[in-house]
Amino acid sequence: MPNQAEQGTHSAFLSENLRRRARYQLVFILLVAALVVITVLNINTGSVAIPVGEIFRILLGQAKDSAQYSIIWKIRLPRILMAALLGGGLSLSGFLLQTFFGNPIAGPFVLGISSGAKMVVALTMIYALHFFSHVSSWALIVAAFAGSLMSVGLILLLSRRLKHMAILLVAGIMIGYICSAVTDFVVTFAEDADIINLRGWSLGSFSGMSWDNVAVAAAVVGITSAVTFTMAKPIGAYQLGEAYAQSMGVNIRAFRVALIVVSSLLSATVTAFAGPISFVGIAVPHLVKRALNTSKPLIVIPAVFLGGAVFCMGCDLIARIAFAPTELNISTVTSVFGAPVVIAMMLRRQGGKAA
């Protein structure tokens, strides 16, 4: 029979396990509740105010002949869904990059990955529109993916010479500045009427989304998110060190390639549709892991996706209404809320090292 000490240890373990589960459940409930509330607020808010009761009637397929039905289904709902999909995908991309580099400051915007994707997409749009009247969503995603991989490749080459992570992050920022400078130069001299929206896109925006865009983004983000979830166990092992992951049977080379490809594809999809969006990929994973008080991928991955969706939908709402009818760029708002989180994270890490 177990002695009293063993019983006490077992009881404490069960109690701690119950507290953790209760915390996980509370965080997910709050995220889902926030998602529902922000969705309703996004649908309701605009130049035309629509009562909540009417919103639910329209979403249920009633009142199809009304102008409000067209506003919701053709303008607001595609934008809301794209903000949720792309926000979740960008947060997942940041989580995967942080896992790859082993640093919570790593993210697609800071490392210049988003800027590389933006540069190639801008060049593709300008060049292709000389020959075609329209550039497909898939073509933009492929272009953004190529730009993302280009930036990642440069960072990985530099990582062989720059062993210190802080210097590598600075190098990533410099790569981002170079790509942004090239993009700005191209946009400055791109006066063609067919690419009039390129300037707004290059600064980040969820406006002008269609159901075709939603379908393409849902397919790419959905598949890559599912792949990320299937990688949860290898990610958990990799977080404990490469040696431990290898001892658990993880093929490190293939795993690292998979991390880079999936994270680049997620950030490329976001950039292709909405332009570069700053700080989401860093701030959201950090906030979610702090709220959950765990780094377990099986728990963190869905929570990070939900957190990114809520964060971007909230920022998009603020971008639309803060100075209406003038609309802010989405990166302006995400920077206002995301940058302080990153600064606090750096101060906390520095304080921990000093202690």
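For the structure, see preceding data.
If you're wondering where the values come from, they're calculated on a predicted model, not measured in any experiment.

Draft legend 1. Inspection of the packing of aromatic side chains at higher detail. Tallied over the full model, the rule gives 4 aromatic pairs. Seen in terms of ring centroids, F109 and F279 are 6.3 Å apart; in terms of plane orientation they differ by 35°. Their pairing is tilted. Taken together, the positions of F109 in the loop between α3 (67-101) and α4 (113-128) and F279 in the loop between α11 (252-274) and α12 (280-292) put the pair 170 residues apart, joining distant regions of the chain. Exposure remark for F109: the relative accessible area of 33% places this residue in the partly exposed category. For the ring pair Y238 and F255, a centre distance of 5.1 Å and an interplane angle of 50° mean the geometry is tilted. In this pair, Y238 is assigned in helix α9 (residues 232-239) and F255 in helix α11, connecting sequence segments 17 residues apart. Judged on exposure class, the residue Y238 and its partner F255 are both buried. Lying across the ring of F100, R256 places its NZ or CZ 4.3 Å from the centre.

Draft legend 2. Just the packing of α4 against helix α5 (residues 137-159), in detail. At a minimum axis separation of 7 Å, α4 and α5 run at an interaxial angle of 140°. What the angle tells us is that α4 and α5 run oblique. In the crossing of α4 with α5, the sense of the turn from one axis to the other is right-handed. Note on element contacts: α5 touches α4 through L140, A143, A144, G147, S148, M150, S151, V152 and I155, opposite I113, G116, A117, M119, V120, V121, T124 and M125. In the contact of α4 with α5, the residues fall into 12 nonpolar, 5 polar and no charged.

Analysis parameters
- Residues numbered from 1 in each chain as written.
- Predicted model: local features only at pLDDT ≥ 70, side-chain atom pairs only at ≥ 80, totals over all residues.
- Heavy atoms only, no water.
- Phe/Tyr/Trp six-rings, centres within 6.5 Å; stacked < 30°, edge-to-face > 60°.
- Helix = DSSP H or I, 4+ residues; strand = E, 2+ residues; numbered from the N terminus.
- Buried < 20%, exposed > 50% of the residue type's maximum accessible area, 1.4 Å probe, protein only.
- Lys NZ or Arg CZ within 6 Å of the ring centre and 35° of its normal.
- Axes fitted to C-alpha atoms, helices over the stretch in contact; angles between N-to-C directions.
- Parallel < 35°, antiparallel > 145°, perpendicular 65-115°, else oblique.
- Left-handed = near helix turned anticlockwise from the far one by under 90°.
- Contact = heavy atoms within 4.5 Å.
- Nonpolar A, V, L, I, M, F, W, Y, C, P; charged D, E, K, R; others polar.

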